[in-house]
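Residues per chain are reported as follows:
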Protein chains: 2
Amino acid sequence: MLRSCTAGLRSLWALRGRPEGAPRLSTDLQPARRLFSTEKVIHKDWALPNPSWSKDFKLLFDQFMKKCEDGSWERLPSYKHRSTQESEDSKTNFFDPKLVEEERLSQVQLFTRSFEDGLGFEYVIFKNNDEKRTVCLFQGGPYLQGIPGLLHGGAMATMIDIALGSCTGEAIMTANLNINFKRPVPLCSVVVINSQLDKLEGRKLFLSCNVRSVDEKTLYSEATGLFIKLNPEKRST
Amino acid sequence: MLRSCTAGLRSLWALRGRPEGAPRLSTDLQPARRLFSTEKVIHKDWALPNPSWSKDFKLLFDQFMKKCEDGSWERLPSYKHRSTQESEDSKTNFFDPKLVEEERLSQVQLFTRSFEDGLGFEYVIFKNNDEKRTVCLFQGGPYLQGIPGLLHGGAMATMIDIALGSCTGEAIMTANLNINFKRPVPLCSVVVINSQLDKLEGRKLFLSCNVRSVDEKTLYSEATGLFIKLNPEKRST
């Protein structure tokens, strides 16, 4: 963790300049030694079981993997770094292509994959392409705490944003998130986020989801999202 | 970072049981050696400048500290761990008091203070008690990335949740967050979140905020929040 943190800060400072007064980074943590120095680590798929996953989590994972066998469902892989296509899309759409390009090259990582196994966001998303819906299995670790013993609302909002966005295979931006938090989620419990595409209007995607306990008896949250396609003419639904 | 991660996982496993198949933690990382073993570290105030803060950030911080001199504004301190009062409130209100108590004792930390200096959420909140409003200065680090070069919407939602909640001095829970993301926030830039209490109806607090660039020219987001007081009879506004 220390190494990857240092690499992140190093690449940021390379881009923005080292803040005045900031200590120089230790010389024994050269870029060549950093955590993401090999293709193998960069392309690791994080949406697979690790020892921090609870029994419930692994059981549900296995059930959905079974559903994938006939091709009706697929497991979406998850990487610390976004795809080249996404980088291209964001370069096309935003105001600072140089920044985007340099950030991509410096391998600054995705927010939800910034934690060590089990401490932060543990999740996997399964997609049903015909039904335009996804199921996200999520276990929020001890570093995502809000009120003592409970998941932070911001961590839940983050997963909802990702789960909703996973219903499309497109480059999109969140324009609106509207979340009703109905019950607090106990830290380290597993929740199931069911998301679906409700409507498509030009570049606008209207999505909704609910967050429930594994036994489906507890409704934790409901949310809607409006997402905007970044490059509607370049890629089709 | 490694030590605190391990301590977090250790205290979690003590509570929930070590997941089947999870490796035992190294014996050279005993609780006595963990990062939060001293009162001094536990009570460190994180809402103060560190070397990762940009020039803009420090300049704005100094301006608001000046405003604090006549007592009209106050800087809110920020700790990795919630106050005893908050723990008591959450014990009273939620379904698993044992969990809450044990989590508090095990010093599992607050989501937004889980990162090393400069990598995650850098923020400070100033409050104007007479006007029931706060100003949050926020610099999102390289570990909060969404689309390459840009802050993750979930990280923005997290800070909005915290900024809105800071307008009251009470124990509250988020019931609704409605966020309009108008423009993406460049990674590592500083933004200013202006929040205010719009209405109070019994236990319901209606709040709103906007997120702008330091020069106020760019409006990044607007949001409303509905929060619920946890113990209205125990504590007054």
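A few points on the structure.

What counts and what doesn't
Residues numbered from 1 in each chain as written. Chains lettered and ligands numbered in written order. Predicted model: local features only at pLDDT ≥ 70, side-chain atom pairs only at ≥ 80, totals over all residues. Heavy atoms only, no water. Helix = DSSP H or I, 4+ residues; strand = E, 2+ residues; numbered from the N terminus. Buried < 20%, exposed > 50% of the residue type's maximum accessible area, 1.4 Å probe, protein only. Contact = heavy atoms within 4.5 Å. Phe/Tyr/Trp six-rings, centres within 6.5 Å; stacked < 30°, edge-to-face > 60°. Core = buried A, V, L, I, M, F, W, Y, C linked by side-chain atoms within 4.5 Å. Polar contact = N/O pair within 3.5 Å; in protein donor to acceptor, adjacent residues only side chain to side chain.

1. Considerations on the environment of Ser54(B)
All names here are of chain B.
So, point 1. In this structure, Ser54 sits in the loop between helix H2 (39–42) and helix H3 (55–68).
So, point 2. Assessed through its relative accessible area of 23%, Ser54 is described here as partly exposed.
So, point 3. Setting aside anything within four residues of it in sequence, one finds Ser54 in contact with Gln139 and Val190.

2. Some details on the packing of aromatic side chains
For any pair of aromatic rings, the description consists of the separation of the ring centres together with the inter-plane angle of the planes.
So, point 1. Applying the stated criterion across every chain, the model contains 22 aromatic pairs over all chains.
So, point 2. On the numbers, 6.0 Å between centres and 75° between planes, the contact of Phe121(A) with Phe111(B) is edge-to-face. One end of the pair, Phe121(A), is in strand S2 (residues 121–128); the other, Phe111(B), is in the loop between helix H5 (97–106) and strand S2 (121–128), on a second chain. Here Phe121(A) matches Phe111(B) in class, with each residue buried.
So, point 3. Ring geometry for Trp53(B) against Phe57(B): centres 3.7 Å apart, planes inclined by 10°, an arrangement best described as stacked.

3. What about the nonpolar core?
So, point 1. Residues Phe121(A), Phe138(A), Met156(A), Phe121(B), Phe138(B) and Met156(B) are the most contacted members of the largest nonpolar core, which totals 77 residues.
So, point 2. For Phe121(B), the contacting residues outside a window of four places in its chain are Phe111(A), Phe111(B), Thr112(B), Arg113(B), Phe115(B), Phe138(B), Gln139(B), Leu144(B), Ala155(B), Thr158(B) and Met159(B).

4. Here's the deal with the side chain of Thr168(B)
Residues and elements named next belong to chain B.
So, point 1. Looking at where Thr168 falls in the secondary structure, it is placed in the loop between helix H6 (153–165) and strand S4 (172–181).
So, point 2. The class for Thr168 is buried, based on a relative accessible area of 11%.
So, point 3. One polar contact links the side chain of Thr168 to the main-chain amide nitrogen of Glu170, over a distance of 3.3 Å.
So, point 4. When residues no more than four places from it in sequence are discounted, the contact partners of Thr168 are Lys127 and Leu205.

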